[in-house]
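Chain by chain, the residues:
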Amino acid sequence: LTWVETQLPNVGAAMLDVAFSDKNNGMIATIKNKIFRTVDGGINWDVVEPFQNNNIRSLQIVNSGFVIVSGEGLKRTSDFGNTWQTFYTTTVPISQVHFQTNEIGYAFGSSIYGPGEFPSSFGSLFYTTDGGKNWIGNEKIHELGVFQEAHFPNPNLGFALGNDIIVRIKRF
């Protein structure tokens with residue numbers, strides 16, 4: 001086992017997520033609206049179009065060119081980051097996205113709101129079966145609380161963690 005530490009230039013904030021489609025092609029999401037891309041297995045990294053006010057939280061490479069990033073809504077690229085399109089906006093920050101295929105995907109978010117020392121927290125869950133053209137879901141699931149993590153063993157079954165509960169998600 002060996003490893004080599006690489007210092008990325010001008011990151012400017014925490015790196016929150018990393019994804020690779022194969023041994024050469026990968027991306028890193030940062031909280032300060034930058035996405036770094038490598039096409040040579042992490043030897044060199046370049047910044048792909050920085051996003052204004054998106055607060056990127058996660059990314060997923062669905063196939064070699066189709067990438068989804070989440071933050072203040074969802075953005076996607078079909079050319080590995082050369083051009084980006086916003087394809088879903090919501091009032092709730094999206095903290096994670098899981099696409100099982102190019103068509104079936106899930107998005108999770110959470111938010112805390114309310115005055116005083118004891119604000120309310122809630123989770124959000126959305127899904128699409130048409131590649132993100134249309135989304136179905138709920139922005140305020142109080143039982144989920146602050147969303148933490150999700151895993152999908154197959155496109156129709158998933159598990160989401162929030163606060164002190166686990167939510168079983170079954171599409172059919």
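None of these values were measured; they are calculated from a predicted model. (Residues numbered from 1 in each chain as written. Predicted model: local features only at pLDDT ≥ 70, side-chain atom pairs only at ≥ 80, totals over all residues. Heavy atoms only, no water.)

K.L.:
How do you make sense of the pairing of strand β7 (residues 73–77) when you look at a structure like this?
P.N.:
Regular strands place their side chains on alternate faces of the sheet. Counting buried positions over the five residues of β7 gives four, a clear majority of the element. The loop that links strand β6 (residues 67–71) with its antiparallel partner β7 comprises one residue. (Buried < 20%, exposed > 50% of the residue type's maximum accessible area, 1.4 Å probe, protein only. Helix = DSSP H or I, 4+ residues; strand = E, 2+ residues; numbered from the N terminus. Pairing = 2+ DSSP bridges.)

K.L.:
Sorry if this is basic, but what is going on with the sheet that holds strand β13 (residues 147–154) here?
P.N.:
Sheets are built from strands paired through backbone hydrogen bonds, the pairs being either parallel or antiparallel. Read across the open sheet, the three strands follow the order β13-β14-β15; overall the sheet is antiparallel. With partners counted over all chains shown, the strands left at the sheet margins are β13 and β15 (165–170), one partner each. Ignoring strand direction, the axes of neighbouring strands in this sheet form an average angle of 20 degrees. Pairing analysis gives six bridges linking strand β14 (residues 157–162) to β15, with the strands arranged antiparallel. By the bridge assignment, G158 is partnered in β15 with I169. (Axes fitted to C-alpha atoms, helices over the stretch in contact; angles between N-to-C directions.)

K.L.:
Any chance you could explain the environment of G123 here in plain terms?
P.N.:
In this structure, G123 sits in strand β11 (residues 120–128). Taking C-alpha positions, G123 is 9.8 Å from I94, a pair spaced 29 residues apart along the chain.

K.L.:
Where do I start with the pattern of salt bridges in this structure?
P.N.:
Within this structure, the stated rule accounts for one salt bridge. Of the charged contacts in the structure, one is a salt bridge between D46 and R37, with a shortest N-O distance of 3.0 Å. The buried category is assigned to R37, whose relative accessible area is 13%. (Salt bridge = Lys/Arg side-chain N within 4 Å of Asp/Glu carboxyl O.)

K.L.:
In this structure, what is going on with the packing of aromatic side chains? I would like to understand it.
P.N.:
Where two aromatic rings form a pair, the distance of their centres and the angle of their planes describe that pair. Using the criterion set out here, one finds five aromatic pairs in the structure. Here F99 and W135 contribute two aromatic rings whose centre-to-centre distance is 6.2 Å and whose plane-to-plane angle is 80 degrees, an arrangement assigned as edge-to-face. Placement of the pair is F99 in strand β9 (residues 94–99) and W135 in the loop between β11 and β12 (136–141), with a sequence separation of 36 residues. Among the residues examined, F99 registers a relative accessible area of 3% and is labelled buried. Residue classification places W135 among the buried residues on the basis of a relative accessible area of 13%. (Phe/Tyr/Trp six-rings, centres within 6.5 Å; stacked < 30°, edge-to-face > 60°.)

K.L.:
How should I be thinking about the pairing of strand β3 (residues 35–38) in this particular structure?
P.N.:
Side chains I35 and R37 project from β3 onto one buried face, and the interleaved F36 and T38 project onto a second face that is buried too. Of the strand pairs in this sheet, strand β2 (residues 26–30) and β3 are connected by four bridges, and their pairing is antiparallel. Directly across from M27, in β3, lies its bridge partner R37. Linking β2 to β3, which pair antiparallel, is a turn of four residues; within it N33 sits at a positive phi near 70 degrees. Taken together, the three bridges between β3 and strand β4 (residues 46–48) define a ladder with antiparallel strand orientation. The residue of β4 that forms the bridge with I35 is V48.

K.L.:
Where do I start with the sheet that holds strand β1 (residues 15–20) in this structure?
P.N.:
If you trace the four strands from one edge of the open sheet to the other, you get β1-β2-β3-β4, paired in antiparallel fashion. The open sheet has two edge strands with one neighbour each: β1 and β4. Taking the axes of each pair of neighbouring strands and ignoring which way they run, one obtains an average angle of 30 degrees across the sheet.

K.L.:
Whenever I open this one, the nonpolar core confuses me. Can you help?
P.N.:
Among soluble globular proteins, nonpolar side chains are generally buried collectively. In this structure, A19, M27, A29, I35, V48, I56, L59, I61, V67, V69, F80 and W84 together form the largest nonpolar core, which totals 12 residues. For this core, the elements supplying multiple residues, two or more each, are β2, β5 (58–61) and β6. By size, the runner-up hydrophobic cluster in this structure holds 11 residues, among which are L74, F87, Y88 and I94. (Core = buried A, V, L, I, M, F, W, Y, C linked by side-chain atoms within 4.5 Å.)

K.L.:
Would you mind showing me how to read the side chain of T77 here?
P.N.:
Within the secondary structure, T77 sits in strand β7. At a separation of 3.0 Å, a polar atom in the side chain of T77 contacts the main-chain amide nitrogen of G81. A polar contact is formed between the side chain of T77 and the backbone oxygen of T83, at a distance of 2.7 Å. (Polar contact = N/O pair within 3.5 Å; in protein donor to acceptor, adjacent residues only side chain to side chain.)

Coordinates in, geometry out; function isn't part of it.
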